[in-house]
Amino acid sequence: MSSVFGVDITSEDILENLSFFDSWEERYKYIIDLGKELPAIDESLKVDANIVRGCQSQVWLVPTVEGDQYFFQVDSDAHIVRGLLAIILSAFNGKTAKAILDFDVDAYFESIDLIRHLSPTRGNGLRAMVSRIKDAAQA
Amino acid sequence: MSFDVNIIRQDFPILAQTINDKPLIYLDNGATTQKPNAVIDAICHYYRHDNSNVHRGAHTLSDRATGYFEQARQTVKAFINAASTDEIIWTKGTTEGVNLVAFSWGLENLKAGDRVLVSQMEHHANIVPWQMVCQRTGAELVPIPVTEDGELDMDAFKALLDSRVKFVSMVQVSNALGTVNPVKEVIELAHQVGAKVLIDGAQAVAHWPIDVAELDCDFYAFSGHKLYGPTGIGVLYGKQALLDEMTPFMGGGEMIETVTFAKTTYNKLPYKFEPGTPNIAGAIGLGAAIDYVTALDRKAVAAHEHDVLQYALERAAGYEGFRLIGNAKNRAGVMSFVLDGAHPQDVGTLLDQQGVAVRTGNHCAMPIMDHFNVTGTVRASFALYNSREDVDGLFNALDKVKYFLF
Ligand SMILES: Cc1ncc(COP(=O)(O)O)c(C=O)c1O
């Protein structure tokens, strides 16, 4: 259930690490490596109901609540998307509903240089993901 | 005449730029081609000097705009060897051309028990309109199977041909696979059972001269923007006798002769299918694009394009993890592939970082993706300004993609 993201690796860590890189190669390598650390979700969870629409690749999201903490299992068939999912999870995973709803995701994306360079299609997919997370926290 | 790709490239100003600090390698020509100066200048010139509505005003500008607009129609007529400009209908692209035929000819002529055949490798633009019209008329839309190599299964096609088949609508060159279909034979066979035929020439027109008289197709649709022309303009060719019988499916100004609240009579061809103000600048731009292409030595262009595509396929054959999707013997313009273990979207993103523009995804052709059991591919598609160096650039960039993903 619990991945390192949001727990051992926070959004601050991500921002700090990304700030060390000058080249796109390093940034992408880092993001892809983050994706590799993301645990795959169980095949049985890859059902239509868990698919996040608006992404070119397939993306799944399964929220669970433990006490007042929200956890998210996510997966994708694309490596770069998995890395981006890890970046999102670092901000939201294991947080309370209030922390999730209060988190300024636009500012976060803004400070990650990479996100600015994403195509609108890809950007929309990420936004769709974030709204699913916020919806879960609002429920 | 001959052909020098380095000289040709200078006609296309957009190519001389960097993307992510790398020289642009544009390999997304199947989606749209870039425009030569001749086209850009023709459009600018029109707006700077001649802009006016066509067939309407009683003034010099309107006469001039109408003149250039109709001259462009003449250019298209000659380009595809139609019998008359009455057979050349301006559309906004291939999609509108197919819709026009499906909704005008199809709604009027199809009924329950009839069949419309399309191939399994069609673009959605040549599936969905027929599906819509079949739903309304009770006719049945039947896919013609494609072989493992991505070629049309001619035996299966012949087996499907019987008196129920009223229409065959087929792509000449598949945008997803690059397969060139034997459309002349398809048309001949379809005619033998009395079916009409539309050819979707979207991916064909840029590559070799099209002769609708020789093909004997009933309809032929293409888009200007895949032929070095502007977006928002396309052509539907139809045999005059058929177009004469058909009732327009869109109404409005320009397409009428007289209107009362009791009855409207339609204008003559081709205007009866062109309601509303047309894309005048687009038509003029397309005319300029055709002039540009036909002024080249087209044999030399085709030989050059063939060489670049063959070279790409050769490099692909020896490239580890490279799986070509579609292996037709006769192909044009397109190399569709997956890298084993890599999502096409990842490949596309990492190629883009290196200045290489390709398309990834299902290419608006989901049925053929299902056939090959993939959700999408990476597609490199070539135009006359691409070179062997572009192919090398693609494979160098793929080396780096592998380094990232594996
Ligand atoms: C084979 C084929 N048919 C139809 C279309 C649709 O063309 P347009 O979008 O210009 O109408 C395309 C464009 O991608 C195509 O490749």
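Residues numbered from 1 in each chain as written. Chains lettered and ligands numbered in written order. Predicted model: local features only at pLDDT ≥ 70, side-chain atom pairs only at ≥ 80, totals over all residues. Heavy atoms only, no water.

The name an unreviewed UniProt entry gives chain B is Cysteine desulfurase, with Reinekea marinisedimentorum as the organism. According to its UniProt record, chain B has this under Catalytic activity (unreviewed entry): "(sulfur carrier)-H + L-cysteine = (sulfur carrier)-SH + L-alanine". Regarding chain B, the relevant UniProt record gives this comment under Cofactor (unreviewed entry): "pyridoxal 5'-phosphate". (UniProt positions renumbered as here; feature names shortened; annotations may be inferred.)

Going by the annotation in an unreviewed UniProt entry, the name recorded for chain A is Cysteine desulfuration protein SufE, with Reinekea marinisedimentorum given as the source organism. Among the UniProt annotations of chain A, the heading Sequence similarities (unreviewed entry) holds the following wording: "Belongs to the SufE family."

Enquirer: Lay out the overall build of chain B with the relevant residues and their values.
Expert: When its secondary structure is counted, chain B shows 14 helices and 17 strands. In summary, chain B has a C-alpha radius of gyration of 22 Å against a globular reference of 22 Å for 406 residues, a match within 12%. For chain B, the spread of C-alpha atoms along the principal axes amounts to about 70 × 55 × 35 Å. Within chain B, buried positions represent 59% of all 406 residues. Taking contacts inside chain B between residues at least 6 apart in sequence as the whole, the part at least 24 apart equals 71%. The centroid of the 33 positive side-chain charges in chain B is displaced by 3 Å from the centroid of its 47 negative side-chain charges. (Helix = DSSP H or I, 4+ residues; strand = E, 2+ residues; numbered from the N terminus. Rg over C-alpha atoms; globule rule 2.2 N^0.38 Å. Buried < 20%, exposed > 50% of the residue type's maximum accessible area, 1.4 Å probe, protein only. Contact = heavy atoms within 4.5 Å. Lys, Arg positive; Asp, Glu negative; His and termini not counted. Charge placed at Lys NZ, Arg CZ, Asp CG, Glu CD.)

Enquirer: How would you sum up the site of the ligand? Please name residues and give values.
Expert: Residue and element names in this part refer to chain B. Contacts to the ligand come from 13 residues, most closely from Thr95, Asp200, Gln203, Ser223 and Lys226. In this structure, an oxygen atom belonging to the ligand sits 2.7 Å away from a side-chain N or O atom of His225. Protein chains bury 86% of the 400 Å² of accessible surface belonging to the ligand in isolation. Looking at the shell around the ligand, its residues break down into three nonpolar, eight polar and two charged. (Near = heavy atom within 4 Å. Polar contact = N/O pair within 3.5 Å; in protein donor to acceptor, adjacent residues only side chain to side chain. Areas by Shrake-Rupley, 256 points an atom, 1.4 Å probe, with all protein chains shown as cover. Nonpolar A, V, L, I, M, F, W, Y, C, P; charged D, E, K, R; others polar.)

Enquirer: Please provide a residue-by-residue account of the UniProt feature "domain: Aminotransferase class V" (unreviewed entry) in chain B, values included.
Expert: The residues that UniProt annotates with the feature "domain: Aminotransferase class V" (unreviewed entry) are residues 25–394 of chain B. Between the C-alpha atoms that bound residues 25–394 of chain B there is a distance of 8 Å. The span itself is 39% helix and 17% strand.

Enquirer: Residue-level account of the sheet that holds strand β13 (residues 322–324) of chain B, with values.
Expert: What links the strands of a sheet is backbone hydrogen bonding, and the strands pair in either a parallel or an antiparallel sense. Residue and element names in this part refer to chain B. Taken in spatial order, the four strands make up an open sheet running β13-β14-β17-β16, and their pairing is antiparallel. On the outer flanks of this sheet lie β13 and β16 (359–361), each paired with one strand and no other. Averaged over all pairs of adjacent strands, the angle between their axes in this sheet comes to 35°, without regard to strand direction. Here β13 runs beside strand β14 (residues 334–339); their pairing, made up of three bridges, is antiparallel. Paired with Leu324 across the two strands is Phe337, which belongs to β14. (Pairing = 2+ DSSP bridges. Axes fitted to C-alpha atoms, helices over the stretch in contact; angles between N-to-C directions.)

Enquirer: Report on the pairing of strand β1 (residues 59–66) of chain A, specifying residues and quantitative values.
Expert: Looking at chain direction, β1 of chain A and strand β2 (residues 69–76) of chain A are connected through eight bridges and run antiparallel. Paired with Leu61 of chain A across the two strands is Val74 of chain A, which belongs to β2 of chain A.

Enquirer: Now, about the domain arrangement of chain B: what can you tell me, with residues and values included?
Expert: Residues and elements named next belong to chain B. We note that the domain assignment places domain 1 (5–31 + 297–405) and domain 2 (41–294) within chain B. Averaged C-alpha coordinates put domain 1 and domain 2 at centres separated by 28 Å. Every contact between the two is made by 34 residues of domain 1 and, on the other side, 33 residues of domain 2. Sorting the residues of domain 1 by area buried against domain 2 places Arg298, Cys364 and Ile368 first, and these three jointly supply 24% of that buried surface. Linking domain 1 with domain 2 are one salt bridge. Close ionic contact of Glu151 with Lys329 constitutes a salt bridge, the shortest N to O distance being 3.6 Å. Across the domain 1-domain 2 interface, the total number found is 22 residue pairs in polar contact (both at pLDDT 80 or more). The leading source of residues in the side of domain 1 that touches domain 2 is helix α13 (residues 366–371), at five residues. Residues belonging to the side of domain 1 that touches domain 2 are distributed by class as follows: 19 nonpolar, nine polar and six charged. (Domains from an automatic or database assignment. Buried area = accessible area lost by both parts, 1.4 Å probe. Salt bridge = Lys/Arg side-chain N within 4 Å of Asp/Glu carboxyl O.)

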